[in-house]
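# Working through the structure, step by step
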Amino acid sequence: MDVTEVKAENADSQSSKKESVKIKVLFFARARDIVGLPSMPLEVSSGSTASDCLNKLVALFPGLEELRGCMVLAVNEEYTTESAIIKEEDELAIIPPISGG
Amino acid sequence: MEANGGDVARIRSELKSLKAAKSDIETRISGLEAQLRDLTLLNASTVSNGSVTGDSSCNHELSPDMIYRYSRHLLLPSFGVQGQSNILKSSILVIGAGGLGSPALLYLAASGVGRLGVVDHDIVELNNMHRQVIHTESFIGQPKVKSAATACRSINSMIKIVEHQVALRTSNALEILNQYDIIVDATDNAPSRYMISDCCVVLGKPLVSGAALGLEGQLTVYNYNGGPCYRCLFPTPPPTTACQRCADSGVLGIVPGIIGCLQALEAIKIASAIGEPLSGRMLLFDALSARIRTVKIRGRSLDCEVCGENAAFTQKQFRDFDYERFTQSRLSTAPSKLNLLPAESRISSRELMEKIVKGEPYVLVDVRPEHHFRIVSLPNAVNIPLSSLEARLPEISCALNKEGITDSEKGANLYVVCRRGNDSQRAVQILHSKGFTSARDITGGLEAWARDVDPKFPTY
């Protein structure tokens, strides 16, 4: 975590000059099954919201649409809403519930 | 060889009668133990109330036996006599004696939870044993509650174990949950999770909720000290397609084991009032990468339909709420049985067997995923998973031609099979729409084949 935060701060100063931001998306549970990966890099235009990122991901993996209404969304391990602005080097986690046991 | 067969039969019959006698003796033992336990508990309470002039100078209620049994807890500075006394006075209900409930119950019993309840309506099966470590082979076929309670009692005879051998429903949940301080959700399906969370909100009980599937686990404490409930996080239930069950998707046995242990830990922390419960946070366990992340989750939602500011979710509303309809899935784990096709598009496993015996040419398509096909399959079956069926239709035409099945009756003697007979119906619908109008599915799938045709055929 510490490392990520330091990086994020460094990146902050440069992000205003950039056209796009690069983030890492983490997939859990059903989202991981649909995407077939535990994580992937994603590039979105600067100023994008979490919702914009989701739209882009759904375009890449249409199966994610079914989870849209039922997931915890977190940025850098903290709860976030779809309207939150995503910054360079953010880690966006998509966490649908598991019900098995 | 014949003599051998006779021996086998004799040994089997002797085993059967011995097992019956053993089970009878075990029932009598556990009955007597329960009687004895109740009597000693009664005596202990009258003694401790009656003679305060005891010679030991300790200002707590731990008996010498308890001091010895829980000594390692008492030696923990941050836990000590106070923590243990709190646990001994607490009552915890574990809902589900499966993969999560097994370790949770074992540790809660061992830790000395004063009154420990178990809810489950299932019976112990062989395919539970790889993860439901509280049960032993000798309990296969018996109620899980009975098996779990026996195991807990054999670990700790000083606590009270309460057996609730029922299916938890809105009709009985309030009454059962109300008897306990802390609720542990160790169930395996979405409607139960919503029902238990709502019930905890209505009754004001903290809920330790764990879940595991495949190689991942999740853990959160809900409805604790003004924290969020399950509905604050997931106001809309997941679509049924996203609700996977261990019985379909598989689970590495130790994954629910780890989450179940963490559930016991959170329950113990709440019961003993030590530490910081996992409220407002969600722990995510990833077995493959050996990574545990704790994500800060939202606080209580003011708009939550159950615990929000303007929510008026009463006991009556809870009783009347249809959780199966809300989540579009069943409260019991029994798989659903679809009925998508007319009778003429289906064939029973027995009928298929007759056709095979008669030597009729046929093509059998098994639409299960490839890793299922690798577990076991019928002879001559071609594996074309449902997900790739449309793309692989030429393979079916090719197989039909090879068997000399003419195009005049397209797809006559084309049969489709899956595990339980649901996906095979979906596949037949696709085949019909693509011109294989005579394709038929095998009713009940391989499970029916194993039940009705070949009892030696492996089930999973």
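Residues numbered from 1 in each chain as written. Chains lettered and ligands numbered in written order. Predicted model: local features only at pLDDT ≥ 70, side-chain atom pairs only at ≥ 80, totals over all residues. Heavy atoms only, no water.

As annotated in an unreviewed UniProt entry, chain B carries the name Adenylyltransferase and sulfurtransferase MOCS3 and is attributed to Erythroxylum novogranatense. UniProt, in the comment section headed Subcellular location (unreviewed entry), describes chain B in these words: "Cytoplasm, Cytosol". Recorded under Sequence similarities (unreviewed entry), the UniProt text for chain B is reproduced unchanged: "In the N-terminal section; belongs to the HesA/MoeB/ThiF family. UBA4 subfamily." (UniProt positions renumbered as here; feature names shortened; annotations may be inferred.)

As annotated in an unreviewed UniProt entry, chain A carries the name Molybdopterin synthase sulfur carrier subunit and comes from Erythroxylum novogranatense. The record in UniProt for chain A states the following under Sequence similarities (unreviewed entry): "Belongs to the MoaD family. MOCS2A subfamily." Its UniProt record gives chain A a comment under Subcellular location (unreviewed entry), which states: "Cytoplasm".

It is worth spelling out the nonpolar core at this point. Residues and elements named next belong to chain B. Ranked by size, the top nonpolar core spans 44 residues in total, and within it Ile92, Leu105, Leu108, Leu116 and Val208 carry the most contacts. Counting residues per element, this core draws most heavily on helix H11 (residues 254-272), at eight residues. Each residue touching leucine 108, except ones within four places of it in the same chain, is listed here: Ile92, Val94, Val113, Leu116, Ala264, Ala267 and Ile268. Ile176, Leu207, Phe313 and Tyr323 belong to the second-largest nonpolar core, a separate cluster that totals 43 residues. (Core = buried A, V, L, I, M, F, W, Y, C linked by side-chain atoms within 4.5 Å. Buried < 20%, exposed > 50% of the residue type's maximum accessible area, 1.4 Å probe, protein only. Helix = DSSP H or I, 4+ residues; strand = E, 2+ residues; numbered from the N terminus. Contact = heavy atoms within 4.5 Å.)

A word on the pattern of salt bridges. What the rule picks out here adds up to 26 salt bridges over all chains. Taking the shortest distance from any N to any O, the salt bridge between Asp286(B) and Arg32(A) comes out at 3.0 Å. Placement of the pair is Asp286(B) in strand E7 (residues 281-286) and Arg32(A) in helix H2 (residues 29-35), with the two residues belonging to separate chains. We classify Asp286(B) as buried; its relative accessible area is 9%. Judged by relative accessible area, which is 15%, Arg32(A) ranks as buried. Between Asp423(B) and Arg426(B) there is a salt bridge, and its shortest N-O distance comes to 2.7 Å. Of this pair, Asp423(B) and Arg426(B) both sit in helix H17 (residues 423-433), three residues apart, roughly one helical turn. (Salt bridge = Lys/Arg side-chain N within 4 Å of Asp/Glu carboxyl O.)

With that settled, the discussion passes to the side chain of Asn172(B). All names here are of chain B. Along the polypeptide, asparagine 172 turns up in helix H7 (residues 170-177). At a separation of 3.0 Å, a polar atom in the side chain of asparagine 172 contacts the main-chain carbonyl oxygen of alanine 167. The contacts of asparagine 172, once residues within four sequence positions are left out, are Val166 and Ala167. (Polar contact = N/O pair within 3.5 Å; in protein donor to acceptor, adjacent residues only side chain to side chain.)

Further remarks concern the side chain of Thr327(B). Along the chain, the position of Thr327(B) falls in helix H13 (residues 323-327). Filtering out sequence-adjacent residues up to four positions away, Thr327(B) remains in contact with Ala190(B), Pro191(B), Tyr194(B), Pro237(B), Pro238(B) and Thr240(B).

Here we take up unusual backbone geometry. All names here are of chain B. For asparagine 225, which is not glycine, the phi torsion reads 50° and is therefore positive. In this fold, asparagine 225 is placed in the loop between strand E6 (216-222) and helix H9 (230-233). Of note in this structure, alanine 290 is not a glycine but carries a positive phi near 50°. Of note, alanine 290 is situated in the loop between E7 and strand E8 (291-296).

What follows deals with H17(B). All names here are of chain B. Buried within H17 are the following residues: Ser424, Gln425, Ala427, Val428 and Leu431. Projected onto a plane normal to the axis of H17, the buried residues spread over an arc of 155° and lie on a single side. Taken together, the buried residues of H17 touch strand E9 (346-347), helix H16 (393-402), strand E12 (414-417) and strand E13 (440-442). With its phi angle positive at about 100°, glycine 435 sits one or two positions after the end of H17. (Arc of directions from axis to C-beta.)

The partner chain A presents 24 residues to the 35 residues of chain B that form the contact. At the boundary of chain B and chain A, one finds three salt bridges. One salt bridge in this structure joins Arg293(B) and Glu91(A), with 3.8 Å as the shortest N-O distance. Linking chain B with chain A are 15 residue pairs in polar contact (both at pLDDT 80 or more), by the criterion used here. For the side of chain B that touches chain A, the elements supplying multiple residues, two or more each, are helix H8 (190-203), strand E5 (207-213), E6, H9, E7 and E8 of chain B. Examining the composition of the side of chain B that touches chain A, we find that four residues originate from one element, E8(B), more than from any other. Split into classes, the residues belonging to the side of chain B that touches chain A amount to 18 nonpolar, nine polar and eight charged. (Nonpolar A, V, L, I, M, F, W, Y, C, P; charged D, E, K, R; others polar.)

All names here are of chain B. With their axes 9 Å apart at the nearest point, helix H5 (residues 101-111) and helix H6 (residues 144-155) run at an angle of 30° to one another. Handedness of the H5/H6 crossing: right-handed. Seen from H5, the contacting residues are Leu105, Leu106, Ala109 and Ala110; seen from H6, they are Ala148, Ala151, Cys152 and Ile155. Across the contact of H5 with H6, the residue classes break down as eight nonpolar, no polar and no charged. (Axes fitted to C-alpha atoms, helices over the stretch in contact; angles between N-to-C directions. Left-handed = near helix turned anticlockwise from the far one by under 90°.)

This part takes up the sheet that holds E12(B). Residues and elements named next belong to chain B. The parallel open sheet is built from five strands, whose spatial order is E9-E13-E12-E10-E11. The sheet is open, and its two edges are formed by E9 and strand E11 (381-383), each paired on a single side. Inspection of the sheet shows strand E10 (residues 363-366) paired to E12 by four bridges, in the parallel sense. Residue valine 365 lies in a different strand from E12, and its bridge partner there is valine 416. (Pairing = 2+ DSSP bridges.)

For the rest of this paragraph, the subject is the packing of aromatic side chains. Residues and elements named next belong to chain B. Evaluated as defined, the whole model comprises eight aromatic pairs over all chains. Pairwise contacts between aromatic rings join Tyr194, Tyr222, Tyr230, Phe234, Phe313, Phe318, Phe321, Tyr323 and Phe326 into one cluster. The residue whose ring lies beneath arginine 115 is tyrosine 180, and the NZ or CZ to ring-centre distance is 4.9 Å. Note that arginine 231 overlies the ring of phenylalanine 313, its terminal NZ or CZ placed 5.9 Å from the centroid. (Phe/Tyr/Trp six-rings, centres within 6.5 Å; stacked < 30°, edge-to-face > 60°. Lys NZ or Arg CZ within 6 Å of the ring centre and 35° of its normal.)

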